[in-house]
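Chains, contacts and geometry: an overview
Below are the chains, spelled out letter by letter.
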Amino acid sequence: MSMVQKSETIWFDGKQVPWDEANVHVLTHALHYGVGVFEGIRAYRCADGSSAVFRLREHVQRLFSSAKILRMEIPFTEDAIFDAIVETLQRNRLAEGYIRPLSFVGAGAMGVYPGDNPVQTIIAVWPWGAYLGAEALEKGIRVKTSSFARHHVNAMMTKAKASGNYVNSVLAKMEAKADGYDEALMLDVSGFVSEATGENIFMVRNGVIKTTPLTSILDGITRNSLMTLARDLGYEVVEQQFTRDELYVADEAFFCGTAAEVTPIREVDRRVIGKGSAGPVTKHLQQEYFKAVKGDNPSYDHWLHRYAL
């Protein structure tokens with residue numbers, strides 16, 4: 001995986017700070033205990049030459065919802081963070097790329113209880129292509145069921161996009177990569193398919209699109225977008241638990257997420273899925289998704305926040 005490409009500035013607690021100067025103390029509470037919340041957002045260059053952030057309002061709202069779940073008080077309003085994201089894109093002259101807002105418990109008291117430590121917020125932007133590789137968007141990826149279960153809903157707050165939650169994902173991803181796979185499939189504590197390390201999952205069988213329900217997974221914004229697109233296109237979409245052996249015999253399967261976008265799955269646990277490449281439903285949804293995010297379908301213009309450089 002390539003290194004992050006530096007931009008000029010990072011928004012840090014209300015100020016644009018040079019990239020290399022956006023630093024925190026080594027005793028920052030979140031660095032030790034993982035108490036932070038973040039979002040992954042994408043901006044796209046549209047067909048008409050403009051630039052737009054995809055579902056920016058929903059991402060900002062989810063950031064604040066995550067903070068509420070973790071009892072963190074972000075010292076900025078949703079509107080202020082919304083505007084700061086656009087400002088940071090413009091300041092860095094980024095017509096297309098990835099956006100990472102992060103709020104975290106800063107330095108102060110040490111120990112598990114954060115006390116009155118300040119909550120700090122940054123917004124970074126940088127160019128970033130396909131998360132799992134450009135080739136993966138076309139040919140699909142190989143996936144392994146992880147030995148690590150997805151968090152129990154009463155052990156970690158699975159509806160919060162919390163920094164500490166991702167230790168679970170890091171362990172699963174490292175295991176999968178070490179075994180020669182591209183990504184890990186995670187099961188919930190009952191043994192049903194949950195999601196991947198940073199993506200939601202869909203499978204297709206007999207023309208029906210199925211995705212895991214919001215029991216133990218993050219409420220993905222890309223997931224929600226694809227469900228809307230699929231239903232608008234006339235597909236039957238159901239939210240229902242399924243097992244990994246049901247996934248093995250699917251006609252098609254794919255992951256989705258802001259970073260991964262719509263990535264086909266060609267193999268799970270050495271079982272070829274469908275014909276071992278992106279299937280027709282996956283390709284159709286992938287095509288329509290990219291049309292929506294790039295402003296090629298006016299029906300979904302309300303999902304876009306356009307900005308000028």
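Residues numbered from 1 in each chain as written. Predicted model: local features only at pLDDT ≥ 70, side-chain atom pairs only at ≥ 80, totals over all residues. Heavy atoms only, no water.

1. Section: the pattern of salt bridges
Let me state the cut-off plainly: A side-chain nitrogen of Lys or Arg and a carboxyl oxygen of Asp or Glu constitute a salt bridge if their distance falls within 4 Å. For helices the rule is a DSSP run of H or I covering at least 4 residues; for strands it is a run of E covering at least 2, with both sets numbered from the N terminus onward. Only protein chains enter the accessibility calculation, which uses a 1.4 Å probe; a residue whose area is less than 20% of its type maximum is buried, one above 50% is exposed, and one in between is partly exposed.
Inspection of the entire model under this criterion finds 16 salt bridges. Between arginine 142 and glutamate 267 there is a salt bridge, and its shortest N-O distance comes to 3.1 Å. Remark: glutamate 267 occurs in strand β15 (residues 261-268) and arginine 142 occurs in strand β8 (residues 141-145); sequence separation between them is 125 residues. Like arginine 142, the residue glutamate 267 is buried in the burial classification. The shortest N-O distance in the salt bridge between aspartate 301 and arginine 306 comes to 3.6 Å. Given a relative accessible area of 35%, arginine 306 falls into the partly exposed group. Each of Asp48, Asp301 and Arg306 takes part in salt bridges that share partners, so that together they form one network.

2. Some points on helix α6 (residues 221-232)
Basically, it comes down to this: Expected helix span is given by 1.5 Å per residue-to-residue step, counting one fewer step than there are residues.
In this model, α6 (twelve residues) spans 17 Å end to end at C-alpha, consistent with the 16 Å of a helix rising 1.5 Å per residue. When we look at burial in α6, the residues that qualify are Ile221, Thr222, Arg223, Ser225, Leu226, Met227, Leu229 and Ala230. Downstream of α6 by one or two residues, glycine 234 has phi in the positive range, about 95°.

3. Overview of the pairing of strand β14 (residues 252-257)
So the rule is basically this: Any two strands between which DSSP finds at least two bridges are classified as paired.
For β14, a buried count of six out of six residues is recorded, marking the element as mostly surrounded by other parts of the structure. Neither face of β14 is exposed, since Glu252, Phe254 and Cys256 on one face and Ala253, Phe255 and Gly257 on the opposite face are all buried. Pairing analysis gives five bridges linking strand β11 (residues 200-205) to β14, with the strands arranged antiparallel. In the strand pairing of β14, asparagine 200 is matched with cysteine 256. Summarising the sheet, β14 and β15 pair through four bridges and their orientation is antiparallel. Among the inter-strand pairings, phenylalanine 254 is bridged to a residue of β15, identified as proline 264.

4. Some remarks on empty space enclosed by the protein
Note the cut-off: Each cavity reported here is a set of points on a 1 Å grid over the protein atoms alone in which a 1.4 Å probe fits but cannot get out, each pocket an open set with protein on both sides within 12 Å along at least five of seven lines, and each lining residue one with an atom within 4 Å of a point. Grid points are joined across faces, edges and corners, and a volume is the space filled by probe spheres set on the points. Classification used: nonpolar for Ala, Val, Leu, Ile, Met, Phe, Trp, Tyr, Cys and Pro, charged for Asp, Glu, Lys and Arg, polar for all others including Gly. Start and end positions for the domains come from either an automated domain assignment or a database one.
Across all of its chains, the model carries one cavity of 30 Å³ or more by this definition. Arg42, Phe54, His59, Thr222, Thr258 and Tyr289 together form the lining of the largest cavity. Here the residues of the lining of the largest cavity are counted per class, giving two nonpolar, three polar and one charged. Inspection of the lining of the largest cavity shows a minimum of three residues originating in each of domain 1 (9-126) and domain 2 (134-293).

5. Describing the packing of helix α2 (residues 56-69) against helix α3 (residues 78-91)
Here is the rule we go by: Axis lines are fitted through C-alpha atoms, for helices just across the contact stretch, and the angle between N-to-C directions can take any value from 0 to 180 degrees. In what follows, roughly perpendicular refers to angles from 65 to 115 degrees, roughly parallel to angles under 35, roughly antiparallel to angles over 145, and oblique to any angle outside these ranges. Handedness of a crossing is defined here by the sense of rotation of the near helix relative to the far one, left-handed for an anticlockwise turn of less than a right angle and right-handed for a clockwise turn. Two residues form a contact once any of their heavy atoms are found within 4.5 Å.
Running from N to C, α2 and α3 point in directions that differ by 130°, and their axes come no closer than 10 Å. In this view, α2 runs oblique relative to α3, as classed from their interaxial angle. In the crossing of α2 with α3, the sense of the turn from one axis to the other is right-handed. For the pair α2 and α3, contact is made by Leu56, Arg57, Val60, Gln61, Leu63 and Phe64 and by Glu78, Asp79, Ile81, Phe82, Ile85 and Val86, respectively. A breakdown of the residues in the contact of α2 with α3 according to their chemical character gives eight nonpolar, one polar and three charged.

6. Observations concerning the packing of aromatic side chains
The condition that has to hold: Each pair of aromatic rings taken from Phe, Tyr and Trp, with Trp reduced to its six-membered ring, is defined by centres within 6.5 Å and is described as stacked if the planes are under 30 degrees apart, edge-to-face if over 60, and tilted in the remaining cases. Cation placement over rings: the criterion is NZ of Lys or CZ of Arg within 6 Å of the ring centroid and within 35° of the ring normal.
Summed over the entire model, instances satisfying the criterion amount to ten aromatic pairs. Between phenylalanine 54 and tryptophan 303, the aromatic rings sit 5.6 Å apart at their centres with planes inclined by 90°, giving edge-to-face as the arrangement. Of the two residues, phenylalanine 54 is situated in strand β5 (residues 51-54) and tryptophan 303 in the loop between α8 (280-293) and β17 (304-307); the sequence distance between them amounts to 249 residues. In this structure, phenylalanine 54 and tryptophan 303 share a single accessibility class: buried. Three or more aromatic residues joined by ring pairs make a cluster, and in this case those are Phe54, Tyr289, Phe290, Tyr300 and Trp303. Positioned above the aromatic ring of tyrosine 181, the side-chain terminus of arginine 142 is 4.5 Å from the ring centre. For the cation-ring pair, arginine 271 lies above tyrosine 248, with the distance from its terminal atom to the ring centre recorded as 4.2 Å.

7. Side note on the domain arrangement of the chain
Operational definition: By convention, the term buried area covers the 1.4 Å-probe accessible surface removed from two parts as they join, with the contributions of both added. Pairs of N or O atoms within 3.5 Å make up the polar contacts considered here, provided that, within protein, one atom can donate a hydrogen while the other can accept it, and that residues adjacent in sequence are counted only when both atoms are side-chain atoms.
Entries for the chain in the domain assignment read domain 1 (9-126) and domain 2 (134-293). Of note, the centres of domain 1 and domain 2, computed from C-alpha atoms alone, are 26 Å apart. On the side of domain 2, 19 residues touch domain 1, which itself brings 20 residues to the contact. Counting the surface lost from both domain 1 and domain 2, the interface buries some 1700 Å², and carbon and sulfur atoms represent 61% of this. Looking only at domain 1, the three residues that lose the most surface to domain 2 are Phe38, Phe54 and Arg62, adding up to 34% of its buried area. Linking domain 1 with domain 2 are one salt bridge, by the criterion used here. Two residues, arginine 42 and glutamate 261, come together in a salt bridge whose shortest N-O distance is 3.6 Å. Put simply, domain 1 and domain 2 have eleven residue pairs in polar contact (both at pLDDT 80 or more) between them. Counting residues per element, the ones that place at least two in the side of domain 1 that touches domain 2 are β3 (36-38), β4 (41-45), α2 and β6 (97-105). With five residues, α2 is the single largest residue contributor to the side of domain 1 that touches domain 2.

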